[in-house]
Structures are given as C-alpha cells and as structure tokens.
Amino acid sequence: MTADVYAGDDGAHGGAGNAPPSRAVTFNIVADADADLLVRVGTAMNLLNAAPREFHMEVRPEGAAALTASVDCSEAQAELIARKLQRLTSVRYVSWCS
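Each chain has its residues counted from 1, running along the sequence as written. Only residues with pLDDT of 70 or above have their local features reported here, since the model is predicted, and side-chain atom pairs are shown and tallied only from 80 upward, although totals for entire chains, interfaces and linings are computed over all residues. Where side-chain values are given, they derive from all heavy atoms of the structure, hydrogens and water being excluded.

(A) Examining helix α2 (residues 75-86) more closely. Its twelve residues give α2 an end-to-end C-alpha distance of 16 Å, which sits within 8% of 16 Å, the value for a rise of 1.5 Å per residue. Classification of residues uses two cut-offs on accessible area relative to the type maximum, computed with a 1.4 Å probe and protein chains only: under 20% is buried, over 50% is exposed, and between them is partly exposed. Only runs of H or I of at least four residues qualify as helices and only runs of E of at least two qualify as strands under DSSP, and these elements are numbered from the N terminus. Where α2 is concerned, the buried positions are Gln 77, Ala 78, Ile 81, Ala 82 and Leu 85. Projected down its long axis, α2 carries its buried residues within an arc of 135°, all on one side. A helix is expected to reach a length of 1.5 Å times the quantity of its residues less one. Regarding the arc, it is the one traced by the directions from the helix axis to the C-beta atoms.

(B) Representation of the packing of helix α1 (residues 37-45) against α2 within the structure. Where α1 meets α2, the axes come as close as 9 Å, and the angle between the chain directions of the two elements is 150°. Judged on the interaxial angle alone, α2 and α1 are roughly antiparallel. With respect to the hand of their crossing, α1 and α2 are arranged in right-handed fashion. On α2, the residues touching Val 41, Ala 44 and Met 45 of α1 are Ile 81, Lys 84 and Leu 85. Residues belonging to the contact of α1 with α2 are distributed by class as follows: five nonpolar, no polar and one charged. Angles run from 0 to 180 degrees between N-to-C directions of axes, and those axes are lines fitted to C-alpha atoms, restricted for helices to the stretch in contact. Should an angle fall under 35 degrees it is called roughly parallel, over 145 degrees roughly antiparallel, and 65 to 115 degrees roughly perpendicular, with every other angle called oblique. In this scheme the crossing of two helices becomes right-handed for a clockwise turn of the near helix relative to the far one and left-handed for an anticlockwise turn of less than a right angle. Pairs of residues are marked as contacts when any of their non-hydrogen atoms sit within 4.5 Å. Polar here means any residue outside two lists: the nonpolar Ala, Val, Leu, Ile, Met, Phe, Trp, Tyr, Cys and Pro, and the charged Asp, Glu, Lys and Arg; Gly therefore counts as polar.

(C) Focus on the environment of Ala 44. With respect to the helices and strands, Ala 44 occurs in helix α1. Spatially, the C-alpha atom of Ala 44 lies 6.4 Å from that of Leu 85, the residues being 41 residues apart in sequence. With residues near it in sequence (within four places) discarded, Ala 44 still touches Ile 81, Lys 84 and Leu 85.

(D) The environment of Glu 62, seen in detail. You can see Glu 62 is positioned in the loop between β2 (54-59) and β3 (64-73). As a C-alpha pair, Glu 62 and Asp 32 span 30 residues in sequence and 9.3 Å in three-dimensional space.

(E) Region of the structure containing the sheet that holds strand β1 (residues 23-32). Pairing between two strands requires that DSSP report at least two bridges joining them. Across the sheet, four strands lie side by side as β2-β3-β1-β4; this open sheet has antiparallel pairing. The open sheet terminates on both sides in strands that have one partner only, identified here as β2 and β4 (91-97). Neighbour-to-neighbour, the strand axes of this sheet turn through a mean angle of 15°, independent of strand direction. Pairing of β1 with β3, which is carried by ten bridges, proceeds in the antiparallel orientation. Across the sheet, residue Ala 24 finds its bridge partner in β3, namely Asp 72. Along the sheet, α2 contacts β1, β3 and β4; its crossing angle with β4, the most-contacted strand, is approximately 170°.

(F) Molecular detail of α1. Residues of α1 that are buried include every one of Leu 37, Val 41, Ala 44 and Met 45, and no others. The buried residues of α1 occupy an angular sector of 100° when projected down its axis, which confines them to one face. Across from the buried face of α1, at angles greater than 90 degrees, the exposed residues are Val 39 and Thr 43. If you follow the buried residues of α1, they end up packed against β1, β2, β3 and α2.

Put into structure tokens, the structure is as follows:
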C-alpha cells in the first residue's frame, strides 16, 4: 500500500495513529481577479487531497477577488498551503486560522 504523504497518511508504515490531528482550517485569500485564479488556488489546495468544507469567491469592483476556503488539515499542512498560495503571482494576501 502507498502512503499519501500530503494527507498525513502513514498507514503503510504501520503507524496509523501517528498522523497529526486534523481540524477545520480557514484560508482567506485576496488576489487579482484573473480568469485562471480559481484554477491556480485549486491546484495549491489539491495538495491536501481533501475537498473543502466550504469555498466562497467574490470579485470586488476594484479588480480584486476575495476567496475563503475551509478544509480539514493539520497546522503543518496549512502552513505549506499558505506558502504555496503566497508564491502565486496574482495573490496579494493569504492568512489562515483554525
């Protein structure tokens, strides 16, 4: 069996109880309202290998988009995703809270 390292699955090593606890984490993102923004954010979030509990995107009149996504993950995974999102060229601001 292959372990899914992005989702914290270490069951292939016999340590199923060693994964860090997951909880709902909310990401707040402000970015340029480019046509490919949803795909770029989705690609970064896909590393969690879990569908968001909630996702909302709103385009503002000044040409920015505000996104909010709630997903189950550990703090380490949330840090990783936040760093990946901050590296996207169209992203202006990223924060997360649990």
